[in-house]
Amino acid sequence: MHFEEQTIKVVIDESKCVGCKTQACVAGCKLYDRGILILKDGMPALGGDAAFARRVGTECLACEYECWFRGNKAITIEAPIPGLDEYRRKHGVL
Amino acid sequence: MARLYEYQGKQLLKVFKVPIPQGEVVSTPQEAKRVAEKVGKPVAIKSQVWAGGRGKAGGVKFADHPLDAEIVANQLLGSEIKNLKVEKVLVEEKLNIEKEYYVGVIIDASREVRAPVVMFSTEGGIDIESVPSEKITQMTVDILRGFRSYDAINLARRLDVPAAFLPAVSQAISGLFNTFKEYNCRTAEINPLVLTRDGKIFAGDCRIAIDDSSVYRHPELGISVAREAATPPTELDKIAWQIEEGDLRGTCYIAQMVTEIKGLNYVGYHGMGGGGAILGVDGLNRVGLKIANYADTSGNPTAAKVYRAVKVIFSQPGIEGYMLGGFMYANQEQWHHAHGVVKALQEELPKRPGFPCVLLICGNKEKEALEILREGTKDLPGRIEIYGADKVYETQFLAERMKTLIAEYRKERGINPVD
């Protein structure tokens, strides 16, 4: 699944969530964000529609962090900066 | 405040019927010659840089003939005036000055006023701050009532502008105020407002700055970064501006100090809280380090905004370290900074093993933020030191730690600073 907030995209590889014992992303979301991720049938799910995520999410990045360190590394957050990759290539920055 | 160049400001003044000298802005000596031919009289060639006192710094020269204009423009274009590179010059008719006045409009932001103030002085051509108060007259404008033509006349009369020139002078004052109002300026100034020997009035020079929050209303001005700066935005500044432009949740200010790093000792600098962050810069400077950029993320920005700031900072080739410096007890929830920084370092440090990072974070949610930083960076291949409130005022210590880590990093890579 994936959803967007104001400027970021959260991608969750649900196949990795199977067997996750901590669901730390949901707890992290509640602590650092506004709890837009909820637990549904043992899996993380968005607690509303796409507009809800965009409006309510605070882009705290906590779900990704919690999943890295306490979950199954199932979450990736994309926070692009237009033009930066090209700038880095041009200036030889890895 | 987003500044305009003199030539841009004059075009706005022209819209509001303030007379400006005949001329054009050019970027090559050949164009300067062409414009001088078109003007058909002696011309002034004026470097278009954001600096006061250009004349004394050699940035304004004169030419009697078009060929001279080409030679002079060739000298000015590409030169540096007050450390600012001259990329354009304004070629315009040289004015035969009889008298110089000053007109300015600023915002008095004090609590009891909060309104535009129109100032006029008979002593133009010099900094208004150095003019005796008895030679300055001013009027605070009631924005509901507006600024009327007779208000402009009254200002000029108070300082005994001769009757013959009152209509032209007051028209220029009104024109400046209308420019200020219509373009949502923070400041607008004509200095000098020139009375020529043949009795005409011209805007000799001008300084106009648009309110940052109003820049979006004026796409025609072509302002790419709506922010006060001493120099035009760099390529990286423009990229960084996109983080801030449509996202007002906290601040993400990034300004490159050098566009091309030559030599050693440059640090990517990430402050939190503008004033306090300067302390960190001072500390680095005292130990011989320099900042490649100045950055400030404060006002409780999102973690995503902080992450992007760090990515931009790490995009500068030649930096030898990264310093996150919250040199004050912040009210913002610092765990968002911690999450943003960790995500960026997770991406950046594996590409540059051993890279020095000094991270100072303190204030609200400090304990949790430090835990996130420690846990999030413990397996990364950088030279990472993390500090909290006990070191908040220890700028010198932190700068020295950065210097030490950089020395180790250089040694590891076989870089000798003497080379």
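Residues numbered from 1 in each chain as written. Chains lettered and ligands numbered in written order. Predicted model: local features only at pLDDT ≥ 70, side-chain atom pairs only at ≥ 80, totals over all residues. Heavy atoms only, no water.

Chemist: Sorry if this is basic, but what is going on with the overall build of chain A here?
Modeler: Counting its secondary structure elements, chain A contains 5 helices and 5 strands. With the C-alpha coordinates of chain A rotated into their principal frame, the extents come out at 45 × 30 × 20 Å. Here the contacts in chain A between residues at least 6 apart in sequence split such that 61% fall between residues at least 24 apart. Split by element, the accessible area of chain A, about 5,000 Å² in all, is 54% carbon and sulfur. Here chain A contributes 13 positive and 13 negative side-chain charges, whose respective centroids are spaced 3 Å apart. (Helix = DSSP H or I, 4+ residues; strand = E, 2+ residues; numbered from the N terminus. Contact = heavy atoms within 4.5 Å. Areas by Shrake-Rupley, 256 points an atom, 1.4 Å probe, with all protein chains shown as cover. Lys, Arg positive; Asp, Glu negative; His and termini not counted. Charge placed at Lys NZ, Arg CZ, Asp CG, Glu CD.)

Chemist: Help me out: how do you make sense of empty space enclosed by the protein in this one?
Modeler: All names here are of chain A. Within the structure shown, the criterion is met by 4 cavities of 30 Å³ or more. Looking at the largest cavity, its volume works out to about 90 Å³. The wall of the largest cavity is formed by 13 residues, among which Cys17, Cys20, Gln23, Cys25 and Cys67 lie closest to the centre. For the lining of the largest cavity, the elements supplying multiple residues, two or more each, are helix 2 (24–32) and strand 4 (43–46). Looking at side-chain class alone, the lining of the largest cavity contains 9 nonpolar, 4 polar and no charged residues. Taken together, Phe3, Glu5, Ile8, Val10, Cys29, Asp33, Ile36, Leu37, Cys60, Leu61 and Cys63 make up the full set of residues lining the second largest cavity. In terms of residue class, the lining of the second largest cavity is made up of 9 nonpolar, no polar and 2 charged. (1 Å grid on protein atoms, 1.4 Å probe; cavity = no way out; pocket = protein on both sides within 12 Å on 5 of 7 lines; lining within 4 Å. Points joined across faces, edges and corners; volume = space filled by probe spheres on them. Nonpolar A, V, L, I, M, F, W, Y, C, P; charged D, E, K, R; others polar.)

Chemist: What am I meant to see in the pattern of salt bridges here?
Modeler: Side chains that differ in sign of charge can pair as their charged atoms come close. One pass over the full model with this rule turns up 34 salt bridges over all chains. Among the salt bridges present, the one from B:Lys10 reaches B:Glu6, with a minimum N-O distance of 2.7 Å. Here B:Lys10 pairs with B:Glu6, and both are found in helix 1 (residues 6–15), just 4 residues apart, close to one helical turn. Per residue, the accessibility class of B:Lys10 equals that of B:Glu6, and both read buried. Here B:Arg186 and B:Asp211 are joined by a salt bridge, their closest N and O atoms 4.0 Å apart. On the criterion of sequence distance, the pair formed by B:Arg186 in strand 11 (residues 185–196) and B:Asp211 in the loop between strand 13 (206–210) and helix 6 (235–245) is long-range, its members being 25 residues apart. Here B:Arg186 falls in the partly exposed class, since its relative accessible area comes to 31%. Here the residues in one salt-bridge network are A:Glu64, A:Arg88, B:Lys311, B:Lys343, B:Glu347, B:Glu348, B:Lys351 and B:Arg352, joined through shared partners. (Salt bridge = Lys/Arg side-chain N within 4 Å of Asp/Glu carboxyl O. Buried < 20%, exposed > 50% of the residue type's maximum accessible area, 1.4 Å probe, protein only.)

Chemist: Would you mind going over unusual backbone geometry with me for this structure?
Modeler: Generally, phi is negative for residues other than glycine and the peptide bonds are trans, each holding for most cases. Of note, the bond from B:Asn191 into B:Pro192 is cis; its omega dihedral lies within 30 degrees of zero at 10 degrees. If you trace the backbone, B:Pro192 turns up in strand 11. A positive phi angle, close to 55 degrees, is found at A:Glu59, a residue other than glycine. Of note, A:Glu59 is situated in the loop between helix 3 (50–56) and helix 4 (62–70).

Chemist: Is there a simple way to think about the sheet that holds strand 4 (residues 60–63) of chain B in this case?
Modeler: For sheets, the rule is that strands pair by backbone hydrogen bonds, running either parallel or antiparallel. Residues and elements named next belong to chain B. Read from one edge of the open sheet, 4 strands run 2-7-3-4, paired in antiparallel fashion. Single-partner strands in this sheet number two, and they are strand 2 (23–26) and strand 4. Each neighbouring strand pair of the sheet contributes to a mean axis angle of 20 degrees, computed without reference to strand direction. Inspection of the sheet shows strand 2 paired to strand 7 (residues 89–93) by 4 bridges, in the antiparallel sense. Residue glycine 23 lies in a different strand from strand 7, and its bridge partner there is glutamate 92. Lying on the sheet, helix 1 is in contact with strand 2, strand 3 (43–47) and strand 7; it crosses strand 7 at an angle near 50 degrees. The sheet strands contacting helix 2 (residues 29–39) are strand 2, strand 3 and strand 7, and the helix crosses strand 2 at an angle near 180 degrees. (Pairing = 2+ DSSP bridges. Axes fitted to C-alpha atoms, helices over the stretch in contact; angles between N-to-C directions.)

Chemist: Is there a simple way to think about helix 1 of chain B in this case?
Modeler: What sets the pattern is the α-helix's 3.6 residues per turn: residues three or four places apart point alike. Considered for burial, the residues of helix 1 of chain B that qualify are B:Glu6, B:Tyr7, B:Gly9, B:Lys10, B:Leu12 and B:Leu13. Phi turns positive, to about 65 degrees, at B:Lys17, one or two residues after helix 1 of chain B.

Chemist: Honestly, the interface of chain A and chain B in this entry has me stumped. Any pointers?
Modeler: Interfaces are often described in size by the accessible area the parts lose on coming together. Each partner contributes to the interface: chain A provides 29 residues, whereas chain B provides 35 residues. Across the interface of chain A and chain B, roughly 2,700 Å² is buried in total on both sides, 57% from carbon and sulfur atoms. Ranking the residues of chain A by area buried against chain B places A:Tyr32, A:Tyr65 and A:Tyr87 at the top, with a combined share of 24%. Our enumeration of links across chain A and chain B arrives at 5 salt bridges. Residues B:Arg249 and A:Glu59 are paired through a salt bridge, measuring 2.8 Å at the closest nitrogen-oxygen approach. Scanning the region where chain A abuts chain B turns up 17 residue pairs in polar contact (both at pLDDT 80 or more). Sort the elements by how many residues they give to the side of chain A that touches chain B and helix 4 of chain A lands first, with 6 residues. A per-class count over the side of chain A that touches chain B returns 18 nonpolar, 6 polar and 5 charged. (Buried area = accessible area lost by both parts, 1.4 Å probe. Polar contact = N/O pair within 3.5 Å; in protein donor to acceptor, adjacent residues only side chain to side chain.)

Chemist: Looking at this structure, how should I read the nonpolar core?
Modeler: The nonpolar side chains of a soluble globular protein tend to be buried with one another. Residues and elements named next belong to chain B. Counting 69 residues, the largest nonpolar core has Tyr322, Leu345 and Leu373 as the members making the most contacts within it. Counting residues per element, this core draws most heavily on helix 8 (residues 303–313), which supplies 8 residues. One finds Leu12, Tyr183, Leu193 and Ile208 within the second-largest nonpolar core, a separate group that totals 43 residues. (Core = buried A, V, L, I, M, F, W, Y, C linked by side-chain atoms within 4.5 Å.)

Chemist: I would appreciate a short explanation of the packing of aromatic side chains in the present structure.
Modeler: Each pair of aromatic rings is reported with the distance of its centres and the angle of its planes. Residues and elements named next belong to chain B. The final tally for this structure, using the stated rule, is 16 aromatic pairs over all chains. Here tyrosine 387 and phenylalanine 397 contribute two aromatic rings whose centre-to-centre distance is 5.5 Å and whose plane-to-plane angle is 85 degrees, an arrangement assigned as edge-to-face. Here the residue tyrosine 387 occupies a position in strand 20 (residues 383–387), and phenylalanine 397 occupies one in helix 11 (residues 395–413), the gap between them amounting to 10 residues. Seen from the ring of tyrosine 307, lysine 343 lies directly overhead, with NZ or CZ sitting 5.0 Å from the centre. Note that arginine 413 overlies the ring of tyrosine 409, its terminal NZ or CZ placed 3.9 Å from the centroid. (Phe/Tyr/Trp six-rings, centres within 6.5 Å; stacked < 30°, edge-to-face > 60°. Lys NZ or Arg CZ within 6 Å of the ring centre and 35° of its normal.)

Chemist: Is there a simple way to explain the sheet that holds strand 5 (residues 75–78) of chain A in this structure?
Modeler: Residue and element names in this part refer to chain A. Reading across from one edge, 1-2-5 is the order of the 3 strands in this open sheet, with antiparallel pairing throughout. Strands with a single pairing partner mark the edges of an open sheet, and in this sheet they are strand 1 (2–4) and strand 5. Going across the sheet, the axis of each strand differs from the next one's by a mean of 15 degrees, ignoring polarity. Inspection of the sheet shows strand 1 paired to strand 2 (residues 9–12) by 3 bridges, in the antiparallel sense. Across the sheet, phenylalanine 3 pairs through a bridge with valine 10, a residue of strand 2.

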